[in-house]
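# Remarks on the overall topology
One-letter residues, chain by chain:
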Amino acid sequence: MKEKLAAIINAAVSAASEAVDEKQIEDIRVKYLGKKGEITALLKNMGSLAPEERPKMGQLVNEAKEQVESAINEYRKKLKAKAIELKLKAEAVDITLPEKEVCAGGLHPLSIVTNDLIDIFQSMGFDVLDGPEVETDYYNFECLNVPADHPARDMQDTFYLADKILLRTQTSAAQIRTMENRKPPIRIICPGRVFRADEVDATHSPVFHQLEGLVVDKGITMCDLMGVLEQFAREIYGDDVKVRFRPSFFPFTEPSVEVDVSCTECGGKGCRVCKGEGWIEILGAGMVHPNVLRCCGIDPDVYTGFAFGIGIDRITTTRYKISDIRLLFENDKRFLEQF
Ligand code: PHE
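Nothing here was measured: the structure is a model prediction, and the numbers come from that model.

### Observations concerning the sheet that holds strand β8 (residues 253–262)
Pairing within the open sheet is mixed, and its seven strands lie in the order β1-β5-β6-β10-β9-β8-β7. Two strands close off the open sheet at either side, each with one partner strand: β1 (127–128) and β7 (243–250). Bridging between strand β5 (residues 186–195) and strand β6 (residues 207–217) involves 10 bridges; their strand directions are antiparallel. Across the sheet, residue I188 finds its bridge partner in β6, namely L214. Contacting β1, β5, β6 and β10 (304–311), helix α5 (residues 109–123) runs over the sheet at an angle of about 165 degrees to β5. Helix α7 (residues 173–181) contacts β5, β6, β9 (279–288) and β10 of the sheet and is inclined by roughly 35 degrees relative to β6.

And the structure:
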């Protein structure tokens, strides 16, 4: 009997020493000391022994029970301590690490310029609108007096997403959407991203930004167009800037002009920035073509209007003397932090 007890004690203690978590320890306790445990069974068995053997055996079994109990308690304590130690290690904070740099974000130069442009036109009474970047052929070309076979389409190499669905090549689509939804007088601007399948170089990017403007009312003339755009140029480049209107062609305006300002670098003498011209082109504009008004249900015999499309990227690069348009899109922190 003594040997049997010793074997049980051995087995229990070595099992407890190998337990790796609380559950295993508890299973061992149940196996030996639980209601149906091996040691408990021996105690229950006392009745079947001869009366003179009982005290001796009782003592032995009780001692075995105590031994196993204290071994289990000891290993349970060790396991707990180990768990705490591991947890502390895992959650350790290295107080010698330098703190994380907190840096406040700033506005991208394109956003700064767009906001300034919006301020200028809002102060002249323009509403600001948004248009979709994914456009239909109808809004981007067709209703802007550029039918499918019009050569002007070639000037805007285009990203088509599906048949007659494309990434807008110009914010001018906003003219149509506006005139369909509002009755004159209309005075709106629509800034946003536009897309053309251009080769990337210092002055071209397949993604760039325009700000479309549209005014429609009774009695609007070319003088209104010139007055608004001259005022805009002065606000952006200062009172000394010279503004030049050059005849041009856009299918949706007639007559059409391109607007140049005197070079911000050399003041008009001619330099590298203006390629020796003395002038920098910043926008296209013109009187809204009667076909476009008609397409939107506005009677061209009653109403006239002008529209303009400003290249926001060009305004940004000239204002900040940025030599390469790619810098605007590379997201280099060293560049962006300068604004
Ligand atoms: N949409 C023209 C372009 O992208 C610019 C423009 C807008 C011209 C409005 C006239 C009137 O080149």
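What follows continues from the structure just given.
### A short note on the side chain of R168
Positionally, R168 belongs in the loop between β4 (165–167) and α7. Put simply, R168 is tucked away with no salt bridge, and the nearest opposite charge, on E133, sits 4.6 Å away. In this structure the side chain of R168 is engaged in a polar contact, spanning 2.8 Å, whose partner is the backbone oxygen of R193. Apart from residues lying up to four places away in sequence, R168 is in contact with G131, P132, E133, E135, N140, C190, G192, R193, V194 and F195.

### A few points about the environment of G309
Turning to its location among the elements, G309 is positioned in strand β10. With near-sequence residues (within four places) excluded, G309 lies in contact with L211, E212, I282, L283 and G284.

### Structural notes on the pattern of salt bridges
Using the criterion set out here, one finds 18 salt bridges in the structure. With a closest N to O distance of 3.2 Å, R76 and E22 form a salt bridge. Remark: E22 occurs in helix α2 (residues 22–33) and R76 occurs in helix α4 (residues 54–90); sequence separation between them is 54 residues. Using a relative accessible area of 38% as the deciding quantity, one classes E22 as partly exposed. Where E230 meets R234, a salt bridge forms, and the shortest distance between an N and an O atom there is 4.0 Å. Placement of the pair is E230 and R234 together in helix α8 (residues 222–237), with a separation of four residues, close to one helical turn. Its relative accessible area of 31% is what places R234 among the partly exposed residues. Among the charged side chains, a salt-bridge network with shared partners connects R244, R246, E258, D260 and E281.

### Observations regarding α5
Its 15 residues place the ends of α5 21 Å apart at the C-alpha level, agreeing with the 21 Å of an ideal helix rising 1.5 Å per residue. Immediately downstream of α5, the backbone of G125 shows phi near 95 degrees, a positive value.

### Observations regarding the environment of E142
Within the secondary structure, E142 is located in the loop between α6 (137–140) and β3 (160–162). Classification of E142 by relative accessible area gives partly exposed; the value is 36%. Placed 186 residues apart in sequence, E142 and L328 show a C-alpha to C-alpha distance of 32 Å. Aside from chain neighbours lying at most four places away, what touches E142 is D137, P147, A148 and R153.

About the thresholds
Residues numbered from 1 in each chain as written. Predicted model: local features only at pLDDT ≥ 70, side-chain atom pairs only at ≥ 80, totals over all residues. Heavy atoms only, no water. Pairing = 2+ DSSP bridges. Helix = DSSP H or I, 4+ residues; strand = E, 2+ residues; numbered from the N terminus. Contact = heavy atoms within 4.5 Å. Axes fitted to C-alpha atoms, helices over the stretch in contact; angles between N-to-C directions. Buried < 20%, exposed > 50% of the residue type's maximum accessible area, 1.4 Å probe, protein only. Lys, Arg positive; Asp, Glu negative; His and termini not counted. Salt bridge = Lys/Arg side-chain N within 4 Å of Asp/Glu carboxyl O. Polar contact = N/O pair within 3.5 Å; in protein donor to acceptor, adjacent residues only side chain to side chain. Expected span 1.5 Å × (residues − 1).

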